[in-house]
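Residue-level structural notes
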Amino acid sequence: MKGNPKKKFIGTFPQKELLKLYMKHVNGPKVRFFKSLGLGVIPGEREGVKMRTLEGSKPGEPPLEFLNCRTSGGVYNLGHQNPIIFQIFKDALEEGLDIGDHILLSEQRALLGKKLADLLPGDISKTTFGVGGGESIDCAIKFSRAYTKRKGCVSAIGGYHGHTGFALAAGDPGFRDKFLWELPGFKQVPFDDIDAMRRAVTNDIACVILETIPATAGILIASEGYFAEVREICDDTGTMMIIDEVQTGLGRTGHLWAIYGGIYPNEKVVPDFMVLGKGMTAGIYPLSTCSYKPFIEKAVYKDDPFIHISTTGGSDIGCAITLEMLKIQSDQKFLNHVKEMGRLFQNGLEGIKNEFSDLIKDVRGRGLMLGVEFYNETDSQLAMLSIIKEGVLLDYCNNKKDTLKILPPLIVQKHELDEILDRINRGISKLKKLRI
Ligand SMILES: Cc1ncc(COP(=O)(O)O)c(C=O)c1O
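Along each chain, numbering runs from 1 in the same order as the chain's sequence is written. In keeping with the predicted nature of the model, local features appear solely for residues at pLDDT of at least 70, side-chain atom pairs appear and are counted solely at 80 or more, and the whole-chain, interface and lining totals rest on all residues.

This next bit is on the environment of K401. Only runs of H or I of at least four residues qualify as helices and only runs of E of at least two qualify as strands under DSSP, and these elements are numbered from the N terminus. Checked against the element boundaries, K401 lands in strand 15 (residues 400-406). Any residue whose C-beta has 12 or fewer other C-beta atoms within 10 Å is treated as exposed, any with 20 or more as buried, and any in between as partly exposed, C-beta atoms being built from the backbone. The class for K401 is partly exposed, based on 17 C-beta atoms found within 10 Å. Here the alpha-carbon distance between K401 and T216, two residues 185 residues apart in the chain, equals 9.0 Å. With residues up to four places along the chain from it excluded, the contact list for K401 reads E377, S380, Q381 and Y396. Two residues form a contact once the distance between their C-beta atoms, set from the backbone, is within 7 Å.

Shown next as structure tokens:
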């Protein structure tokens, strides 16, 4: 193998050789899948809304350049290599921060815990830290079980909460059934069906867990009043309400939180738990949080403050970055920008829907979390490929494959949005020509 000695990290080896290594040592079927789509490419340089590949899809071809509307499901809210976050990371390292020691106490965890308490809905004021979203969802389900001394959990059909134990159990059979056969007390109901929810929440249920806008299920928007009624059902039955804002939180919808007066301005619903992840550290260092109301703490930690621990969860360095990210993303001017870009993007997509009304059934979403539903899965997947070939990176909702998921960085500017819409339009026009 011949490497490139000038570079330390990006483009150090030819893409072809790296694909072989990935195939042999990481995940062969994944490489074959991307190659079969003509997308056997590896991400290289990235900046702002742009991402380049190491090379083109054929050896010797120049790199492809994408406007990133995938953002790893809302990780790159501030774009790739945001200079402010980049500087904080460097400063924190230079000042001597590292991941810290999870058994000891931590200045950064204390400061971030306080900041989250100031910003989160109602009296949610305690935080247990993790590394990934799934870990913090597990934490919320564990703590619900400890508090209620019940084991059941009700989630939404098609929802996704992570690949770890309880999170997996609360998710879709497609991700779950190969690994988990017995799920005592775990039930799923259709999203936005309050009668089904009422029937499912019996007195052995520890928690209800819902995404505010289920992303993997197809960017679904609940009717007004749904979350308030779920809150009432939980109150009436002593069940914990967990809201998963791993994708919808931190400004994605044009509101800091989608729940609590965000996308439903008249409903100040306060869940018992809020879980955050993905965009927490602007894609620089992994961190997730499970925040909850103070009455829950005693049931978990009183007898043993070390009963739930995570070596890399709540790293000092991750917390320092999140504190800076929160300053930017909780600013009303920033949130207004997301709202305005979301409005323009959704209008643009509505125009595309009208132009291709025989292919596209619906456009929906809030802020910069948007879904484009096709009449069938074949067209949505062909459209996705055709749009990717025009240079916009996006994908479909895994549990509703007829719907394309669009999550650009929240810092996207109008001229970039116009370019993205043009490219989406061109991609769908080309798909249409192929079908004729
Ligand atoms: C809504 C939601 N919750 C939880 C998770 C799990 O997060 P992670 O992959 O960081 O474990 C995801 C990941 O896609 C998600 O979209």
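Past the structure itself, the notes keep going.
A few words on helix 10 (residues 226-237). By this rule the span expected of a helix is its residue count minus one, scaled by 1.5 Å. Look at helix 10: 17 Å from first C-alpha to last across 12 residues, which is about the 16 Å you get at 1.5 Å a residue. If you check which residues of helix 10 are buried, you get F227, V230, R231 and C234. One side of helix 10 holds all its buried residues, which, seen down the axis, span an arc of 105°. Against helix 9 (194-200), strand 7 (205-211) and strand 8 (240-244) lie the buried residues of helix 10. Looking one or two residues past helix 10, G238 carries a phi angle of roughly 65°, positive in sign. The arc in question is traced by the directions running from the helix axis to the C-beta atoms.

So, on to the site of the ligand. In this text, near has one meaning. A residue is near a molecule or strand if its C-beta atom, placed using the backbone, is within 6 Å of it. Surveying the vicinity of the ligand reveals 14 residues, the closest of which are G132, G133, G134, G162 and V246. Polar here means any residue outside two lists: the nonpolar Ala, Val, Leu, Ile, Met, Phe, Trp, Tyr, Cys and Pro, and the charged Asp, Glu, Lys and Arg; Gly therefore counts as polar. For the shell around the ligand, the residue count by class is 4 nonpolar, 8 polar and 2 charged.

Right, let's talk about the sheet that holds strand 3 (residues 65-68) for a bit. Strands pair, by our definition, only if DSSP identifies at least two bridges between them. If you walk across this open sheet you meet the 4 strands as 1-2-3-13, and the pairing is mixed. This sheet does not close on itself; its edge strands, each paired only once, are strand 1 (43-47) and strand 13 (392-393). Bridge count between strand 2 (residues 50-53) and strand 3: 3 bridges; the pairing is antiparallel. Looking at strand 3, one finds that K50 is bridged to L67.

A few words now on the pairing of strand 9 (residues 273-276). Working note: regular strand, side chains alternate between the two faces of the sheet. On strand 9, burial covers both faces: F273 and V275 on one face and M274 and L276 on the other are all buried. Two strands pair when backbone bridges link them, and strand 8 and strand 9 are joined in this way by 3 bridges, in the parallel orientation. For I243, the partnering residue across the bridge sits in strand 9 and is M274. Strand direction decides the pairing type here: strand 9 and strand 10 (residues 288-292), joined by 4 bridges, are antiparallel. Paired with F273 across the bridge in strand 10 is Y292.

The domain boundaries assigned to the chain delineate domain 1 (15-26 + 38-74 + 334-435) and domain 2 (83-329). Taken together, the contact between domain 1 and domain 2 spans 23 residues of the former and 25 residues of the latter. Of all elements in the fold, only helix 3 (71-74), helix 13 (332-355), strand 11 (360-366), strand 12 (369-374) and strand 15 reach the threshold of two or more residues within the side of domain 1 that touches domain 2. Counting residues per element, the side of domain 1 that touches domain 2 draws most heavily on helix 13, at 5 residues. Taken together, the residues of the side of domain 1 that touches domain 2 break down into 8 nonpolar, 9 polar and 6 charged. Delimitation of the domains relies on an automatic or database domain assignment.

A few words now on the sheet that holds strand 7. Judged by pairing direction, the sheet is mixed, and its 7 strands sit side by side in the order 4-10-9-8-7-5-6 without closing on themselves. Bordering the open sheet on either side are strand 4 (126-130) and strand 6 (186-189), each of which pairs with just one other strand. Neighbouring strand axes in the sheet, compared pairwise and without regard to direction, differ in orientation by 20° on average. With 5 bridges joining them, strand 4 and strand 10 adopt antiparallel strand pairing. Pairing of T128 across the sheet is with C290, part of strand 10. Lines fitted to C-alpha atoms define the axes, with helix axes restricted to the stretch in contact, and inter-axis angles between N-to-C directions lie between 0 and 180 degrees.

Where burial is concerned, most of strand 8 is hidden: 5 out of the 5 residues are buried. Residues of strand 8 alternate between two faces, with M240, I242 and D244 on one and M241 and I243 on the opposite face, all of them buried. Two strands pair when backbone bridges link them, and strand 7 and strand 8 are joined in this way by 5 bridges, in the parallel orientation. Looking at strand 8, one finds that V208 is bridged to M241. With the strands pointing away from the viewer, any crossover whose connection runs clockwise from the first strand over the helix to the second is right-handed. Between strand 7 and its parallel partner strand 8, the chain crosses via helix 10, and the hand of that crossover is right-handed.

Moving on: the nonpolar core. Only buried Ala, Val, Leu, Ile, Met, Phe, Trp, Tyr and Cys residues enter a nonpolar core, and they are joined through C-beta atoms within 7 Å. In terms of nonpolar packing, the biggest core is built from 120 residues, with V208, I242, I321 and V392 touching the most fellow members. Each of domain 1 (15-26 + 38-74 + 334-435) and domain 2 (83-329) accounts for three or more of the residues forming this core. For I321, the contacting residues outside a window of four places in its chain are I85, I88, F89, T281, A282, I284 and Y285.

Axis angle and axis distance: for two packed helices, these are the angle between their axes and the distance between the axes, and together they describe the pair. Here helix 5 (residues 107-119) crosses helix 12 (residues 316-329) at 30°, and the two axes come no closer than 9 Å. The element helix 5 and its partner helix 12 pack so that their crossing is left-handed. Contact residues: Q108, R109, L111, L112, K115 and L119 in helix 5; D316, C319, A320, T322, L323 and L326 in helix 12. Counted by class, the contact of helix 5 with helix 12 contains 7 nonpolar, 2 polar and 3 charged residues. It is the rotation of the near helix from the far one that decides the hand of a crossing: anticlockwise by less than a right angle makes it left-handed, clockwise makes it right-handed.

One non-glycine residue, S72, lies in the positive phi region at around 55°. Of note, S72 is situated in helix 3. The phi dihedral of D192 is positive, around 70°, even though this residue is not glycine. Along the polypeptide, D192 turns up in the loop between strand 6 and helix 9. Judged by C-beta crowding, with 17 C-beta atoms within 10 Å, D192 ranks as partly exposed.

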